[in-house]
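# Coordinate analysis (summary)
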Amino acid sequence: MHIVRERVEQELNQAIQQSDFTQLQQRYTAQGEFLTIQNFFSPPVVDQLMEDVTQVRPQLNRNYIPTHKKGGSVSAYLLQQKAPAILAFYRAPVFIDWLSRLAGVPLLLCPDHDPHACALYFYTEPGDHIGFHYDTSYYKGARYTVLLGLVDRSTSQLVCRLHTKDPQREITELSLRTDPGSLVFFNGDRLYHAVTPLGEAEERIVLTLQYVTDPHMGTAKRWFSNMKDAVGYFGWSALFRRPT
Ligand SMILES: [Fe+2]
């Protein structure tokens, strides 16, 4: 566990040092708090994370909301038990510090009881997709999303609409692949996004990490957030903190 954490932190340090922070920050701001970087993580990092994916994959929860989403998910609860590399990645201080500097605000981990804090999304059956949505924050502070591409043998696209809440800017739409090693970072309340349906015999696996500026949440919002997670992502057992 300790060795895994050290290795992940070392790899992260290297990726961060090799990137041009000023240029990335300019792009992040110009794109309305949205940034994507291809090949940010090296194949050894992806391999390390994929070892965890193999461990948890048999326990993924399939979900289907007609017209909105279809796919498989693994919640933070199961990752906390069986995915040391993913957890080390999510919690690495050097990574959180780098993201905070990009966002221009101090970012914090989500509480351990949030099943979305870090999660895996599996697009493995034809038609798996998610419709347009914001990663709305139910927290008292803002919520930021990191997506890390792990597997992309698919024709699916992550479709991103930028500047939808900025009347001064024209809305721009981008379509992206999430190839292994790619990173996407955005303010969840700012980016309107979707994933187009998976084709036959295709596969796409993405790791998502969530950070917040204030980890507190009101009771009503906690209830709504839990219901949404149970129906849309991780199943009812997630409400009781049991991995699916
Ligand atoms: Fe999303």
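Residues numbered from 1 in each chain as written. Predicted model: local features only at pLDDT ≥ 70, side-chain atom pairs only at ≥ 80, totals over all residues. Heavy atoms only, no water.

Now for the overall build of the protein. Of the regular secondary structure elements, the protein holds seven helices and 12 strands. Computed over its C-alpha atoms, the radius of gyration of the protein comes to 17 Å, within 12% of the 18 Å expected for a compact globule of 244 residues. On the principal axes, the C-alpha backbone points of the protein span a range of 45 × 45 × 40 Å. Across the 244 residues that make up the protein, the buried fraction comes to 53%. Residue pairs in contact within the protein that sit at least 24 positions apart in sequence constitute 82% of those at least 6 positions apart. (Helix = DSSP H or I, 4+ residues; strand = E, 2+ residues; numbered from the N terminus. Rg over C-alpha atoms; globule rule 2.2 N^0.38 Å. Buried < 20%, exposed > 50% of the residue type's maximum accessible area, 1.4 Å probe, protein only. Contact = heavy atoms within 4.5 Å.)

The next point concerns the coordination of the iron ion. All of the protein donors around the iron ion are His133 (NE2), Asp135 (OD) and His193 (NE2); their distances to the metal are 2.1 to 2.2 Å. Binding-site remark: the iron ion is held by donors from one chain whose sequence spacing is H-x1-D-x57-H. With a gap of 58 residues between them, Asp135 in the loop between strand S6 (129-133) and strand S7 (143-153) and His193 in strand S11 (residues 192-195) connect regions that are remote in the sequence. When its relative accessible area of 5% is taken as the criterion, His193 is described as buried. (Donors = N, O, S within 2.8 Å, 3.2 Å for Na, K, Ca; no water.)

Next up on the list: the pairing of strand S3 (residues 69-74). Side-chain positions along a regular strand alternate between the two faces of the sheet. Taken across its six residues, S3 has six buried, putting it largely inside the fold. Burial of S3 is two-sided: the residues Lys69, Gly71 and Ser73 facing one way and the residues Lys70, Gly72 and Val74 facing the other way are all buried. Bridge analysis of strand S2 (residues 61-65) against S3 gives five bridges, and the strand direction is antiparallel. Along S3, the bridge assignment pairs Ile65 with Lys69. Adjacent in sequence and paired antiparallel, S2 and S3 are bridged by three residues, among which Thr67 carries a positive phi angle near 70 degrees. By the bridge criterion, two bridges tie S3 to S6 in an arrangement that is antiparallel. (Pairing = 2+ DSSP bridges.)

Bringing the environment of Asn61 into the picture now. Relative to the assigned elements, Asn61 resides in strand S2. Overall, the relative accessible area of 18% leaves Asn61 in the buried class. For Asn61 and Leu35, which are 26 residues apart along the polypeptide, the C-alpha to C-alpha distance reads 29 Å.

All right, on to the pattern of salt bridges then. Inspection of the entire model under this criterion finds 11 salt bridges. Across the salt bridge formed by Glu125 and Arg62, the nearest N and O atoms sit 3.1 Å from each other. Here Arg62 lies in strand S2 and Glu125 lies in the loop between strand S5 (118-123) and S6, a separation of 63 residues in the sequence. Looking at Arg62, the relative accessible area reads 31%, which means it is partly exposed. (Salt bridge = Lys/Arg side-chain N within 4 Å of Asp/Glu carboxyl O.)

Positionally, Thr208 belongs in strand S12 (residues 203-212). At 3.1 Å, the side chain of Thr208 forms a polar contact with the side chain of Gln210. Residue contacts for Thr208: discarding those within four places in its chain leaves Ala117, Cys118, Ala119, Tyr121, Thr145, Val146 and Leu147. (Polar contact = N/O pair within 3.5 Å; in protein donor to acceptor, adjacent residues only side chain to side chain.)

Here helix H3 (residues 43-56) contains 14 residues, and its C-alpha end-to-end distance of 20 Å stays within 8% of the 20 Å for a straight helix at 1.5 Å per residue. Burial in H3 covers these residues: Val45, Val46, Gln48, Leu49, Met50, Asp52, Val53 and Val56. (Expected span 1.5 Å × (residues − 1).)

Membership of the largest hydrophobic core comes to 56 residues, with the highest contact counts inside it found for Phe95 and Leu120. Residues contacting Phe95, with those up to four places away along its chain left out, are Leu12, Ile16, Phe41, Phe89, Val146, Leu183, Leu209 and Tyr211. Phe34, Ile130, Val184 and Phe234 belong to the second-largest nonpolar core, a separate cluster that totals 18 residues. (Core = buried A, V, L, I, M, F, W, Y, C linked by side-chain atoms within 4.5 Å.)

Read these as spatial facts, not as claims about activity.
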